[in-house]
Amino acid sequence: MPVTPPAGPRRWLAPPDLAVSLAGAFFLLAGIAGIMPGPAAAALAVAGGCALACVRLAWLAGVPPTPSPPPHATLAPERRAPEGPAGRAGGAVSGTTTGRQARRVALSRRVAAILDAAVLVAGLTVAVLPLSDPAHRLPVALTGLGLAGALHATALLRLPGRSRLPGRERLRRSVDVLALGVSLVFAGWMLMPAGPVPPAALIAIVGGAVTLAVLAIAALAERRRRPGAARCHAGAGLTLGGLALLVVLLAYDAPDRALSAVAPPVLAGALLTAAGARRTSAGERPHHGAAPAAWPRLTAPAGIAAVAAGVHLGTGGNFTPAAMALGLSVIPPIMVGELLAAADQRRRVERLVASEAWLRRLVGADGDTGEPAPLTRAELVRALPLRSGGALLVVDLHGDDVAAPNGPVLAEVGRRLRAGCGPHDLLARVGDTGYAVLTDLGPVPAYALGIRLLAALGEPYPGPGGAARIRVSIGLAETTGGDPEDVLRQADLARRRAVQLGRDRVEWYDAYLEEQLVRRLDLERELPGAVARGELDLVYQPVVALADRMPAGTEALLRWRSPVLGTVLPAELLPVATDLDLLGEVGWWVVDRACRQLAAWSEGGRELWMAVNVTPRELAAKDFVARTATALAAYDVPPERLVVEVAEPAVGAELSTVVARLAGLRSLGVRTALDDFRAEHASLAQLRRLPIDLLKVGPHLVAPGADGQRPLIDVVANLGDRLGVEVVVEGLESDGQVAGARRAGCRYGQGFALARPATAERVEAWFEEFPSASR
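The following refers to the structure shown. (Residues numbered from 1 in each chain as written. Predicted model: local features only at pLDDT ≥ 70, side-chain atom pairs only at ≥ 80, totals over all residues. Heavy atoms only, no water.)

**Focus on the pairing of strand β9 (residues 609-614)**
- Counting buried positions over the 6 residues of β9 gives 5, a clear majority of the element.
- Across 3 bridges, the pairing between strand β7 (residues 550-562) and β9 is parallel. Opposite T554, over in β9, you have M610 as the bridge partner.
- In this sheet, strand β10 (residues 642-647) lies alongside β9 in parallel orientation, the contact comprising 5 bridges. (Buried < 20%, exposed > 50% of the residue type's maximum accessible area, 1.4 Å probe, protein only. Helix = DSSP H or I, 4+ residues; strand = E, 2+ residues; numbered from the N terminus. Pairing = 2+ DSSP bridges.)

In C-alpha cells, the structure reads:
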C-alpha cells in the first residue's frame, strides 16, 4: 500500500512580487546613497509594487462571479461533487450556499474595487513627488493621506465575514487600541525634533498613531479567524503609516534623501493588501472561536514607549511635564488589559476543567462498554481542543457496499476501527461513510496508527453475496490547540490529497496543500475568459535536422500570460481547463494561432512544419478533423505543414478513438506524431496500431544501457525505419546527447542544446541565420 510520510511546508514569493520588491530595494538604496534624488527614488521604488497591486485588485473587482469550490474543496481535477464526508454532507445545502456565495463574491468585488482605488491614491501620492513643486508637496501628501485613509476604512468595514463583536471583546479591543495608540503618540512625540511642532506633523502623528493602533489590533485579532482580512488590515496600516511618515518629513522640511524612507511601507502595504483581498475573494471562511494572540497586545505598548524614551534620552533629550504625563498615560490601559486577560484566562481554565471532566466521563464509558456509539461531529469539535499535541485522522471509505444504508459493511468498519484504536482514542462519525479518530499519539505513532487502520479496513468483508472490498483514504493532521475547525479542515485536505493520489494511502497535512488549494481557486477563477481577453500566447521551439543542424520545423508551446498569476505553463493550465470544460476552447485557439503563424512564415519564404500538442479528450471530439481542416483552409496552409502530437502515456484508455482520429487527420494530409514514447513492451505493441509519421522520444534513451549494452535509441531508430516513421529526439541538453542521437540514425532533434523556446519574432530572427533552410 503506498504511503507518504509527512512533508514540511514550502512557501515562497511569487515571481512578480519578488521582482518588484528587488526593484524597489534597488531604487531605495540608490536614493539613500544619493545616486538619485530622494523623491525620484521613492516614486520609482513604489511604482512597480503599486502597479502590480492595482492590476491584481482591478482583476478581482472585474472578475465575473463564476462558481468556485469552498475553501475546503477537493484538489482533484474531477468536476463532480467532492468525495467523502464533507462533500456528501454539503450537498444538502447547496442551494443556500450558492446564493450566499454569490452575495459574497459580489461584496468581494466591490471591496476589491475600493481597495484598488486606495492603493492607486497612495501610489500616486508618492509618484508625484519628483514632479511637483517643493512648496506643493505637503498639501499633496495631506490630501493623499486623507483620501487613502477614507478609502481603506470604507473597504475594511465591508470585508466579507465581518461579524458583530460581543461586548467583552469590544471592551478588550478598545483598551488595546488605547494602550497602543497612546504609546505610538508618545513615541512620535519623543522622536520629533526639538522646537515647535508643525500642525501638519501633529495631525499626521496623532492621526497616524490612532489609525495604526486600530489596524494593528484588528490584524492581530483576525490573524487566525480571517487571515485574508488580517492581511488587508496590515497592508492598510503599512500604507497609511508610510503616507503619515511622508507628511511628517515634508512638514519638517526634511532633506530629499530622507523621503526614500516612505517607499518600504507603501510598497509592502500595497502588495499585502492585494494578497489579502485575493485570499478573501477566494472564499475565506471565518474560523470562529480562534483565540487571538495575547502577548503582543500586552507587551507592545510598553515596549514601544520604553524604546522611544531610551532613544530620546540617548540623543540628549529632556522630558517635559507634558511628555512625562503622556508617557505615564500608557500604564492605565495596559493594567486594564492585564486584568481583562487574567479574567479571560480564568474563564478558559474553568471551561477547560469542565470539558476535561466531560471527556473523562466519555472515555470511561467507552472503556466500560467496549463499543463507541461513535461521537457526533459537534462532540468531536468540542473534544479537539483537549487533545493538543495529538493527531486527528479522517477516514473515508469508497465502494458500492459502503454506500448501502445500514449495511453490514459499515457495522464491521466500526468494529475494526474500534479494535485498531487505543483505549483512550475517540471515534466519531463525520458523514455517511466517513469516520474520524482523535488520538493523543504524536506524529510518528499517529502515522503508524493510520497505516494499521488502512490495512485492517482493506481486508475483505464477508457477506451473503460473497466477500466485499472497499478502498480507504486517510488524512492526518496534528492537533495544535488551535481552532478545531482548522484541524478538521486540515485533516480533510490531507484526505482529499490521498483520494487524488489514488486512494488506499495515508497523507499528512502540510501548509503546501493550502497553497495548492488557493492556487487552484485562483486558476479556476481567472481562466474563464482568458482566450477572449487575449491572455494566451504561444512560444516556439525549433526542431532541427541532426545531419546539418538546419531548421526543419517547430513545436508550438502554450503559455498563459495572466496579469495576476504570471506565466502559467500547460502542466498547470490544462487540468484546470479540463475541469472547467474549457479544454476545447483553449485547444482550438492553439490550432488557429499555429495555422496563422505558419501562414505568416510562409509569406517570408519559410516552408517549415509546426507541431501542436493535443490530448486524447480533444481528439475524441467528433468535429476535430473537420475543424482542423477549416483552420488550415482559413489561412491557406498546406496540410502537411501541420503536425498533431498526442502523448503516448495518455493514449492507452482511448486507443481506438485516437487511432480513428489520427487516421482522419492523415487523410487530410496532416502529419501525426506520438510524443513521450517510452520504448516499453506495451508501447512497442501499441506503436504498430497508431497511424503516425513522427515518433518523439526522450534523451534518456540515448544513454548507454547497463553492462555496455546498446542504447535503446538504436532499437527505436531501427523500429522507426521498419515502420516508416521519422524519430525526433527531444529534450537534448548536451552535445553528447545530440551526437548520440545522430549516431543512432535519428533524423531530427529538439532541445536546449539546439535551440530554446522563444517568441515568434525571436524564432524568425534565428531563422535568418539559415537563409537556405526550407523543409
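**Considering the side chain of D425**
- Note on placement: D425 falls in the loop between α15 (408-420) and β2 (426-429).
- Looking at D425, its side chain comes within polar contact range of the side chain of T439, at 2.8 Å. (Polar contact = N/O pair within 3.5 Å; in protein donor to acceptor, adjacent residues only side chain to side chain.)

**Here we look at the pattern of salt bridges**
- Per the counting criterion, the structure on display carries 28 salt bridges.
- Residue D256 pairs with R137 through a salt bridge whose shortest N-O separation is 3.5 Å. Placement of the pair is D256 in the loop between α8 (227-251) and α9 (263-281) and R137 in helix α5 (residues 134-156), with a sequence separation of 119 residues.
- Of the residues examined, R137 reaches a relative accessible area of 10% and is grouped as buried.
- Of the charged contacts in the structure, one is a salt bridge between K696 and E645, with a shortest N-O distance of 2.8 Å. Pair noted here: K696 is in strand β12 (residues 694-697) and E645 is in strand β10, with a separation of 51 residues, a long-range link. (Salt bridge = Lys/Arg side-chain N within 4 Å of Asp/Glu carboxyl O.)

**Some words on a nonpolar patch on the surface**
- Nonpolar side chains collect at one region of the surface, where W189, V197, L202, V206, V210 and V214 lie side by side and expose about 430 Å² of accessible area between them.
- No other element matches helix α7 (residues 199-222), which puts 4 residues into the nonpolar patch.
- Assignment of secondary structure puts V214 in helix α7. (Patch = residues over 30% accessible without salt bridge, like charges linked within 9 Å, V, L, I, M, F, W, Y side chains within 5 Å. Areas by Shrake-Rupley, 256 points an atom, 1.4 Å probe, with all protein chains shown as cover.)

**Some thoughts on the packing of α8 against α9**
- Their axes nearest at 7 Å, the elements α8 and α9 cross at an angle of 160 degrees. By the criterion of interaxial angle, the relationship of α8 to α9 is roughly antiparallel. In this structure, α8 crosses over α9, and the sense of that crossing is left-handed. Between α8, through P227, G228, A229, R231, C232, A234, G235, A236, L238, T239, G242 and L243, and α9, the contact on the second element is made entirely by P265, V266, A268, G269, A270, L272, T273, A275, G276, A277, R279 and T280.
- The residue inventory of the contact of α8 with α9, partitioned by class, reads 14 nonpolar, 8 polar and 2 charged. (Axes fitted to C-alpha atoms, helices over the stretch in contact; angles between N-to-C directions. Parallel < 35°, antiparallel > 145°, perpendicular 65-115°, else oblique. Left-handed = near helix turned anticlockwise from the far one by under 90°. Contact = heavy atoms within 4.5 Å. Nonpolar A, V, L, I, M, F, W, Y, C, P; charged D, E, K, R; others polar.)

**With respect to the sheet that holds strand β1 (residues 391-398)**
- Strand order in the open sheet formed by 5 strands is β2-β3-β1-β4-β5, and the pairing between neighbours is mixed. Taken across any chain shown, the strands that pair with only one partner, and hence form the sheet edges, are β2 and β5 (505-508). With strand direction ignored, the average angle separating the axes of adjacent strands in the sheet is 20 degrees.
- Sheet analysis places β2 next to strand β3 (residues 434-439), joined by 4 bridges and oriented antiparallel.

**Quick notes on the side chain of E526**
- Inspection of the secondary structure assignment puts E526 in helix α18 (residues 511-526).
- Among residues more than four places away in sequence, those in contact with E526 are W59, R533, W560, S562, V564 and L565.

**A look at the environment of S132**
- By secondary structure assignment, the location of S132 is in the loop between α4 (94-127) and α5.
- Residues S132 and P39, spaced 93 residues apart in sequence, show a C-alpha to C-alpha distance of 9.9 Å.
- From its side chain, S132 meets the backbone oxygen of L129 in a polar contact 3.3 Å long.

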